[in-house]
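Understanding the architecture of this molecule
Here are the chains, one letter per residue:
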Amino acid sequence: MRLSSLADYAVVMMTAAARHCGGAGRLNATLLAEQTGVPLPTAQKLVSRLSAAGLLESARGAGGGFRLARPPSSISLADVIEAVEGRIAMTTCVDEARHDCALDGHCAVKPHWGVVNEAVRGALAGVSLAQLSTPVSPKVFA
């Protein structure tokens, strides 16, 4: 499984926003683009999607910008990925509206994909922005 570039960039941006959490003022897409290396048009698109998903809240006008809508400890990696990618699904066959698999009518594994999807989502939901925004100490080998 591999995240799309947009989902990866969203995680990078939200992690940077989490490091600013509690600080004075609000962030903007330009500042996050500069700090993370995410191209500005992409950062602007992601701010819009993350706001629509309720992960960022914004304010217009002087002193405007955005900030996390919840504490970093209550925003999971799954929340961020789903804001950009939609519901986490390892295969398309779990989507009842789609029937584009040649094995759809007789697949013995199809009924089990829901369990797999929930396991993957559960693992991603177990990682918070607070965890991702904490610097990792370099390991010292003796």
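Quick note: structure is the one above.
Quick look at the structure, then. (Residues numbered from 1 in each chain as written. Predicted model: local features only at pLDDT ≥ 70, side-chain atom pairs only at ≥ 80, totals over all residues. Heavy atoms only, no water.)

1. Structural notes on the overall build of the protein chain
Our working definition: Think of it this way: any DSSP run of H or I at least four residues long counts as a helix, any run of E at least two long counts as a strand, and we number them from the N terminus. Each accessible area is a Shrake-Rupley result for a 1.4 Å probe, and residues are judged covered by the shown protein chains and nothing else. When charges are tallied, Lys and Arg are placed among the positive residues and Asp and Glu among the negative ones, while His and the ends of the chain are skipped. To locate a charge, take NZ of a lysine, CZ of an arginine, CG of an aspartate or CD of a glutamate.
Regarding its fold elements, the protein chain presents six helices and two strands. Start at the N end of the protein chain and walk to the C end: the helices and strands fall as α-α-α-β-β-α-α-α. Taken along its principal axes, the extent of the C-alpha atoms in the protein chain is 60 × 50 × 25 Å. Roughly 8700 Å² of accessible area belongs to the protein chain as shown, and the carbon and sulfur atoms make up 56% of that amount. Of the side chains in the protein chain, 13 bear a positive and 11 a negative charge, and the two mean positions are spaced by 7 Å.

2. Focus on the pattern of salt bridges
Here is the rule: A carboxyl oxygen of Asp or Glu within 4 Å of a side-chain nitrogen of Lys or Arg is what we treat as a salt bridge. To sort residues, take the accessible area from a 1.4 Å probe on protein chains only and compare it with the maximum for the residue type: under 20% means buried, over 50% means exposed, and anything in between is partly exposed.
Going through the model one piece at a time under the given rule, you end up with four salt bridges. Across the pair Glu57 and Arg67 runs a salt bridge, and its minimum N-O distance is 2.7 Å. Taken together, the residues span a long stretch of sequence, with Glu57 in strand E1 (residues 56-59) and Arg67 in strand E2 (residues 65-68) at a distance of 10 residues. A residue is classified by how much of its surface remains accessible, and Glu57, at 31% relative accessible area, is partly exposed.

3. Brief notes about the nonpolar core
For clarity, the cut-off: Nonpolar cores are built from buried Ala, Val, Leu, Ile, Met, Phe, Trp, Tyr and Cys residues. Side-chain atoms within 4.5 Å join them into one set. Whether two residues are in contact is decided by their heavy atoms: any pair within 4.5 Å suffices.
Counting residues in hydrophobic clusters, the biggest one holds 32 residues, and the most contacted among them are Met14, Leu50, Leu68 and Val80. Take this core: its biggest share by element is eight residues, from helix H1 (residues 5-20). Setting aside chain neighbours within four positions, we find Leu68 in contact with Met14, Ala17, Ala18, Cys21, Leu55, Leu56, Glu57, Ile75 and Leu129.

4. Quick word on the environment of Val109
Locating Val109 in the fold gives a position in the loop between helix H4 (77-85) and helix H5 (113-125). Once the C-alpha coordinates of Val109 and Cys93 are considered, the two residues, 16 residues apart in sequence, prove to be 9.9 Å apart.

5. Regarding the environment of Ser76
In this structure, Ser76 sits in the loop between E2 and H4. Assessed through its relative accessible area of 7%, Ser76 is described here as buried. Between the alpha carbons of Ser76 and Leu124 there is a distance of 7.0 Å; along the sequence they are 48 residues apart.

6. Here's the deal with the pairing of E1
Put simply, the test is: A strand pair is defined by DSSP finding two or more bridges across the two strands.
Two strands pair when backbone bridges link them, and E1 and E2 are joined in this way by four bridges, in the antiparallel orientation. Considered in E2, the bridge of Leu56 is made with Leu68. Where E1 folds back on E2, the antiparallel hairpin that results is connected by five residues, among which Gly61 adopts a positive phi of roughly 90°.

7. Section: the packing of helix H3 (residues 40-52) against H4
Selection rule: Axis geometry follows a simple rule: fit a line to the C-alpha atoms, using only the stretch in contact for helices, then measure angles between N-to-C directions, giving values from 0 to 180 degrees. Just so you know how the angles are binned, under 35 degrees is roughly parallel, over 145 roughly antiparallel, 65 to 115 roughly perpendicular, and the rest oblique. Throughout, a crossing is termed right-handed when the near helix is turned clockwise from the far one, and left-handed when it is turned anticlockwise from it by less than a right angle.
Across the interface, H3 lies against H4 with an axial gap of 9 Å and an inter-helix angle of 110°. On the basis of the axis angle, H3 is roughly perpendicular to H4. Seen along the crossing, H3 lies across H4 with a hand that is right-handed. For the pair H3 and H4, contact is made by Leu46, Arg49 and Leu50 and by Val80, Ala83 and Val84, respectively.

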